[in-house]
Amino acid sequence: MESGNVGFYTLFSLCKFQDMDSEQDGNGALPESLPPPPPVPPDVVPIKVESEPAKKKVVRVPMARRGLGSKGQKITLLTNHFKVNVGSVDGHFFHYCVSLSYEDGRLVDGKGVGRKVIDRVQETYSNELDGKDFAYDGEKSLFTVGPLPNNKHEFTVVLEDVTSNRNNGNASPDGHDSPNAHDRKRIKRPYQSKTFKVDISFAAKIPMLAIQNALRGQESENSQEALRVLDIILRQHAAKQGCLLVRQSFFQNNPDNFTDIGGGVLGCRGFHSSFRASQGGLSLNIDVSTTMIIQPGPVVDFLLANQNARDPYSLDWTKAKRSLKNLRIKVNPSNQEYKITGLSEQMCKDQLFSLKQKSVKNDNGEAENLEITVYDYFVNHRNIQLSYSADLPCINVGKPKRPTYIPLELCSLVSLQRYTKALTTFQRASLVEKSRQKPQERMTVLSSALQRSNYNADSMLRSCGVAISSNFTQVEGRVLPAPRLKVGNGEDFFPRNGRWNFNNKKLVEPTKIERWAVVNFSARCDTNSLVRDLIRCGDMKGIRIDPPFDVFQESNQNRRCSPVVRVEKMFEDIQSKLPGAPQFLLCLLPDRKNSDLYGPWKRKNLAEFGIVTQCMAPTRVNDQYLTNLLLKINAKLGGLNSMLAIEQTPSIPVVSKVPTIILGMDVSHGSPGQSDIPSIAAVVSSRQWPLISRYRASVRTQSPKLEMIDSLFKRVSDKEDEGIIREVLLDFYTSSGKRKPDQIIIFRDGVSESQFNQVLNIELDQVIEACKFLDENWNPKFVVIVAQKNHHTKFFQQGSPDNVPPGTVIDNKICHPKNNDFYLCAHAGMIGTTRPTHYHVLLDQIGFSADDLQELVHSLSYVYQRSTTAISVVAPICYAHLAASQDKTDVAQPVVLDMDISEVHKSTNVAKGKSVSHFVAESSSKGGLRPVVFASREEVNKETPGVTPIPHVHTGKDIVVAVVSGEKIISREVWSLV
C-alpha cells in the first residue's frame, strides 16, 4: 500500500470517529444506530477519492483589434511621435539590485543622494566594472547592456559635498563659530565628506528581443521591462542635465519656462518623453508638460505671495510654518543648502542660544557658554546687517532637540521644488490660461526640446543601438460627419464645426418652472428686469416659467461675514418666508468667476435640502447668456434640450435593435495630501431605451485612493443586493417598458493601462454577479471601453495653423500593435492644441464593427445636455466625472448631485440595514424644515398628522431622502419612486 494512500485512509478514519464522537449522548454513549466500523482486511488497498476539479476562473485580457475603420473623409496628420530604430536586438539588459548604506550600516533614504553615489562608483571603479555604462532609476534598480564582471559587487565611495544637501542638525549654517559649531570636532573625517557602502547584486536578464516582440503585439513581462529600461535611460539623461524629474516629465531650471500663477506658486514648463510600442514600430513620444513649483528666491517674498500679505509683520506664522516645512534653502553668505525643519518659537531678537566662548574658560578649563540672541550673534559677532529680521521668527534647519537658527532675510528658496498641494480655483484657471499653446507653437517647442535633449549622443542609448528620428510621424486620419440633432417642433439640423445654437429653436422636451425664487448675494443688477428677460427667453425655448415667489436680497450687514455665515443667514431668511421647499432657486453671485460663496451655497442646497439651484454672475447678460442658463436649468429639472435624430427613428447601429444600457464609471479621490478623505465612485446609466441621451447617476463613497469601484455588487443577504448595478438595471427595466438590457456597454474613466486587467476581472465580475443575482438565466453581452485623457499624444494638420477638425479619428500606425484602441478628437479645439481622447476597447462580446463602434462613440459626444458643442469625451463619462467630483471635499456628508442629468439617484443603509425610502418635512413654529425619517415605504403610507412630504425636487418621481440621528442629519440624498 502506498504511503500516500495510508495517510489518506488514516485521516479518513480519524474524521469518521470524530464525527461519531460528536454524536454521543449526554452520558457519553453512542447511539444504537451507529455500530462500530468493521475491521479492515490487511490486503485491502483503499481507493483514493478524486476531488472534483475546481472550476478554473477565466482571466480576461484586453481583446485584439479585429479591423480598421474606413468611414469618414481621409486627412493626413502629423503626430508628436518620433520613429525609433533599434540597431541590434541580439543582446540583453542585465538588471541589478542596488543597496546603499552609510559606514555604520544605516540605509540611505535621502532622495538625490543615490545618483551622486552611483556616479562616483562609475568614476572610481570604471576598470573593475569593465567601463560599463549604467541606467540607474535613482532608487534600487540598475541596468547595463551586457553583464558586469561579477554577479555581486561591493564598493566604498566618499562624497565630499554630500552635507551641502542635507543638514546634520549640529552644524553652523556658515561654518564659522555659531550655534552648535563645536560639535564639528567630533567628526574625525573631513567635515563635508561622507562614506557610503554600495552593494550591486544580479537580479535578472532581459532579452532585447523582447522589444521586437512587443512591436509584433507579443507583449510579455520582459517586453514591459525592456521598454522600462529605455525610459529609465531617458530619466537618467535628464537628471545629468540637472532637471527636476516627475515620472517621465523633465523640467529645467530656466526662468524662461516659469510663469507666475499666484500664491507663491509658479507653473514650470518642461517636456514629457517616453518610448511607445505601436503599429508603426517603436516611437518616442515627446510632449509639453507642466508642473507646479515653489517660487524660488527670498523666503519672505514667497510667504508674502503665498498669504497675499502686505508686509512680513502681518504674516500668519502658523500657516507659514506649514508652508515652509521640508523646503530647501540656500543661506547667504555661505551659499550652503539646508532643509527647513521649522521656525523658532520666539522672534529673532529674543531667541536665545548658548554660544561657547573659546577665549573665556571656567574653573574646569572649559569654554564658557554665553547666552546670546540669534539677532545679536549675526549682527555683532558676524557683522551681517539685518534690516527686518529682528521682529520675525528665525528659520530652523536643525533637529528638534538641537535647533540651528538662521535669520529669515538670509534665506532663499532653492529652485525646482515641486508644489504638491491642491491649487485654488484662481491658480488653476491661471495655469490653464498661461499654459495654452497653438498647434504650430507646440510643434516648434517640441522640435526644439528634442534637439536640445540630444538623445542620439547618449552613450547608453548608443550601446542599445537606438537612433531617434527628428521628424514628426505622419499618420492617416478620418473625419467622421457630425450626427443630425433633433430639437423642438420636429426640427432637426446638422451641427457645424462641432457647434450649434438654439437661436429660433425650441427645446425638444421643455420643463415647467412653478415654485421658484431668486436669491441675490449683493450682485449689482436689476433683478426685476433679469426675471422678465428669463421668463421671456424661457417662453421662446418652450419653457413655461411662472413668476418667482420672491426675490431675497442680502442685507448690508451680512456682506462682511464669512461665506458660510452669509449662506446660513440667507437660508434663514428663505425658510422664514417660503411656504415650502422650492422646486428651484436662482442664485445671483457678486463675482463673475470663482466666487467663494459658490461652494457653501451648493452644499447647503444639495446636501441639506436637495434643492436644485443655478448660480449666475449677472454681468453682460444677454439673450444668448440666458439661453445657455436655461439649458442647464431645463436639464437639471428633468427636461431634454436636444437629442440625436437616430434616437427617435430609432436607427442607431446595433444599439437600437436590442435593449442596450450604456454605463459611465469614474472614481474621484481627495486632493493631494488628503489621504484620509474617502474616494467617491459614480456610475451613470442610460434610461428609456432606445434613447441614449437620458442618464441617471448613482454615487458611493469607498476607501481613500481606491481606484477600482467596490460597490457595483453588494450582497447583504440571499435576496438582497445593495450594489449600484442593481439600482441602474432596475431603473432601466422600469423606464424602458419592462425590458431587461441584453447588451451592456461600459465606458470607464480614470484608469491606466496597468489597471486594464483589474477592470476586466474585478469590476466586470461584479457587474456580471449583479445580473446573475437578479436572474440566474440572464446572460447579457458586454462591451468594455476605457477612455483616457491623461496621455501625451497630439495631432497636427500638416501645413495648417488650425487644430484638427472635430470628428477626427485615428486607429492606425501610432495605435497599439495588437490591442483594439483608437484616438478621437470629437470636439472643436478653439484654444490651445486639441487633446484627443484615447479609447481602449478591452472587450466586445456584441461584435461591433470598427466603424459602428467609432460612430457610436462619436455620437455620444453630442448628447451632453448642458453644452451646445460636441464634448471631448463621451457624455456618460462626462456625467460620471461630474457626479464623482461633486463636493468631494465634503464627503463626510453625502450629497445630492446637482447635475445636468434627467434624474439623480443615491442610496444608503440605516436602521439595521433597512433602506431609507422617504423624507418628509414638518413645519415648525419658525417656519423651518425638520427632517423626519421613515424606514420603509409601508411606514410612509401610515397616517402622519401634521407631516407633509417635501415637494418634488428633480422630476415628478423624485423626492428627498434623509437619515437623522437625534437632531443631527447624517445623510441626505435624492431617490426615485419607481
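Remember, predicted model here, so these are calculated numbers, not experimental data.

Chemist: Explanation requested: the pattern of salt bridges in the structure shown.
Modeler: Should the charged atoms of two oppositely charged side chains come close, the side chains can pair. On inspection of all chains with the given rule, the structure shows 34 salt bridges. Between lysine 349 and aspartate 391 there is a salt bridge, with the nearest N and O atoms lying 2.7 Å from each other. With lysine 349 in the loop between β15 (342-347) and β16 (352-361) and aspartate 391 in the loop between α7 (374-381) and β18 (393-396), this pair connects stretches of sequence that are 42 residues apart. Lysine 349 sits in the partly exposed class, given a relative accessible area of 41%. By relative accessible area, which is 37% here, aspartate 391 ends up partly exposed. Arginine 715 is the partner of aspartate 718 in a salt bridge, and the nearest nitrogen-oxygen pair spans 3.2 Å. We classify aspartate 718 as exposed; its relative accessible area is 64%. Each of Arg687, Arg696, Arg700, Glu727 and Asp731 takes part in one network of salt bridges that share partners.

Chemist: Whenever I open this one, the sheet that holds β15 confuses me. Can you help?
Modeler: Each strand in a sheet pairs with its neighbour through backbone hydrogen bonds, running either in the same direction (parallel) or in the opposite one (antiparallel). Here we have three strands laid out as an open sheet, ordered β15-β18-β19, and antiparallel in their pairing. Taken across any chain shown, the strands that pair with only one partner, and hence form the sheet edges, are β15 and β19 (405-406). Running over the sheet, helix α6 (residues 317-324) touches β15 and β18 and is turned about 155 degrees from β15.

Chemist: Explain unusual backbone geometry to me, please; I cannot follow it from the model alone.
Modeler: It is generally the case that most residues other than glycine have a negative phi and that most peptide bonds are trans. Put simply, asparagine 332 and proline 333 share a cis peptide bond, and its omega is 10 degrees. Along the chain, proline 333 falls in the loop between β13 (328-331) and β14 (336-339). For the peptide bond that leads from tryptophan 689 to proline 690, omega is 15 degrees, which places it in the cis range. As for its placement among the helices and strands, proline 690 is situated in the loop between β32 (679-686) and β33 (695-702). The phi dihedral of arginine 247 falls on the positive side, at around 55 degrees, and the residue is not glycine.

Chemist: I'm lost on helix α13 (residues 598-609) in this one. Help?
Modeler: What sets the pattern is the α-helix's 3.6 residues per turn: residues three or four places apart point alike. An ideal rise of 1.5 Å per residue puts 16 Å on 12 residues; α13 measures up with 16 Å between its terminal C-alpha atoms. Of the positions making up α13, those classed as buried are Pro600, Trp601, Lys602, Lys604, Asn605, Leu606, Ala607 and Phe609. Phi turns positive, to about 60 degrees, at glycine 610, one or two residues after α13.

Chemist: Sorry if this is basic, but what is going on with the sheet that holds strand β12 (residues 297-298) here?
Modeler: Pairing is antiparallel in the open sheet, where four strands are placed in the order β12-β20-β13-β14. Either end of the sheet is taken by a strand with one partner, and the two such strands are β12 and β14.

Chemist: Explanation requested: the side chain of serine 283 in the structure shown.
Modeler: Turning to its location among the elements, serine 283 is positioned in strand β11 (residues 281-294). In this structure the side chain of serine 283 is engaged in a polar contact, spanning 3.1 Å, whose partner is the side chain of histidine 81. Residues within four places of serine 283 in sequence aside, it is in contact with His81, Phe82, Lys83, Val84, Ser274, Phe275, Arg276 and Ser278.

Chemist: Is there a simple way to explain the confidence of the model for the chain in this structure?
Modeler: Low-pLDDT stretches of the model should not have their predicted coordinates read in fine detail. Mean pLDDT over the chain: 82, with 81% of residues reaching 70 or higher. Counting contacts from residues 1-32, a segment whose pLDDT is below 50, to residues more than four positions away or on other chains yields 18 contacts. This model gives residues 887-978 a pLDDT under 50, and the stretch forms 229 contacts once residues within four places in sequence are excluded.

Chemist: I would appreciate a short explanation of the side chain of histidine 827 in the present structure.
Modeler: Tracing the backbone through its elements, the reader meets histidine 827 in the loop between β38 (820-825) and β39 (837-844). In contact with histidine 827, other than residues within four places in its own chain, are Pro806, Thr834, Arg835, Ala870, Ile871 and Ser872.

Chemist: Any chance you could explain the packing of helix α11 (residues 527-541) against helix α14 (residues 623-636) here in plain terms?
Modeler: Describing two packed helices takes the angle between their axes plus the distance from one axis to the other. One way to put it is that α11 packs onto α14 with a least axis distance of 10 Å and a crossing angle of 70 degrees. Our classification of the angle between α11 and α14 gives roughly perpendicular. Crossing geometry of α11 relative to α14 is assigned as right-handed. The segment α11 lies against α14, with Leu530, Asp533, Leu534, Arg536, Cys537, Gly538 and Lys541 engaging Asp623, Leu626, Thr627, Leu629 and Leu630. In terms of residue class, the contact of α11 with α14 is made up of six nonpolar, two polar and four charged.

Chemist: Even after reading the chapter, I still don't get the environment of lysine 813, so can you show me in this structure?
Modeler: Here lysine 813 is to be found in the loop between β37 (808-810) and β38. Those residues within four positions of lysine 813 in sequence are excluded, and the remaining contacts are Ser278, Gln279, Gly280, Thr473, Gln474 and Val475.

Chemist: I would appreciate a short explanation of the environment of glycine 670 in the present structure.
Modeler: Mapped onto the elements, glycine 670 comes out in the loop between β31 (660-668) and β32. In this structure, the C-alpha to C-alpha distance between glycine 670 and serine 885, residues 215 residues apart in sequence, is 9.5 Å. Excluding residues within four positions of it along the chain, glycine 670 makes contact with Ile677 and Lys705.

Chemist: What am I meant to see in the packing of helix α12 (residues 563-577) against α13 here?
Modeler: Running from N to C, α12 and α13 cross one another at 50 degrees; their axes reach a closest spacing of 9 Å. In this view, α12 runs oblique relative to α13, as classed from their interaxial angle. Handedness of the crossing formed by α12 with α13: right-handed. Contact with α12, carried on its side by Pro563, Val564, Val567, Glu568, Met570, Phe571, Ile574 and Gln575, involves Pro600, Trp601, Lys604, Asn605 and Phe609 of α13 and no other residues of that element. Each residue belonging to the contact of α12 with α13 can be placed in one class, and the counts come to nine nonpolar, two polar and two charged.

Cut-offs and rules
The written sequence of each chain sets the order in which its residues are numbered from 1. Only residues with pLDDT of at least 70 are given local features in this predicted model, and only at 80 or more are side-chain atom pairs given and counted; all residues enter the totals for whole chains, interfaces and linings. Derived side-chain values reflect all non-hydrogen atoms in the structure, with water molecules and hydrogen atoms excluded from consideration. Every case where a carboxyl oxygen of Asp or Glu lies within 4 Å of a side-chain nitrogen of Lys or Arg is listed as a salt bridge. Here a helix means four or more residues in a row that DSSP labels H or I, a strand means two or more in a row labelled E, and each is numbered from the N terminus. Relative accessibility decides the category of a residue: with a 1.4 Å probe and only protein chains considered, values under 20% of the type maximum give buried, values over 50% give exposed, and everything between is partly exposed. Paired strands, in this sense, are two strands between which DSSP finds at least two bridges. Contact between two residues is taken to exist if any of their heavy atoms lie within 4.5 Å; hydrogens are not considered. To obtain each axis, a line is fitted to C-alpha atoms, and for helices this fit is confined to the stretch in contact; angles are then taken between N-to-C directions over 0 to 180 degrees. Here a helix's expected span is defined as the number of its residues, less one, multiplied by 1.5 Å. Under the rule applied, a polar contact is a pair of N or O atoms within 3.5 Å (in protein, one hydrogen donor and one hydrogen acceptor; residues adjacent in sequence only if both atoms are side-chain atoms). Known as pLDDT, the predictor's confidence for each residue is given on a scale from 0 to 100. For classification, angles of less than 35 degrees are called roughly parallel, those exceeding 145 degrees roughly antiparallel, those between 65 and 115 degrees roughly perpendicular, and all remaining angles oblique. Definitions for this section: a left-handed crossing has its near helix turned counterclockwise from the far helix by less than a right angle. A right-handed crossing has that turn clockwise. Amino acids outside the nonpolar list (Ala, Val, Leu, Ile, Met, Phe, Trp, Tyr, Cys, Pro) and the charged list (Asp, Glu, Lys, Arg) are all regarded as polar, and Gly is one of them.

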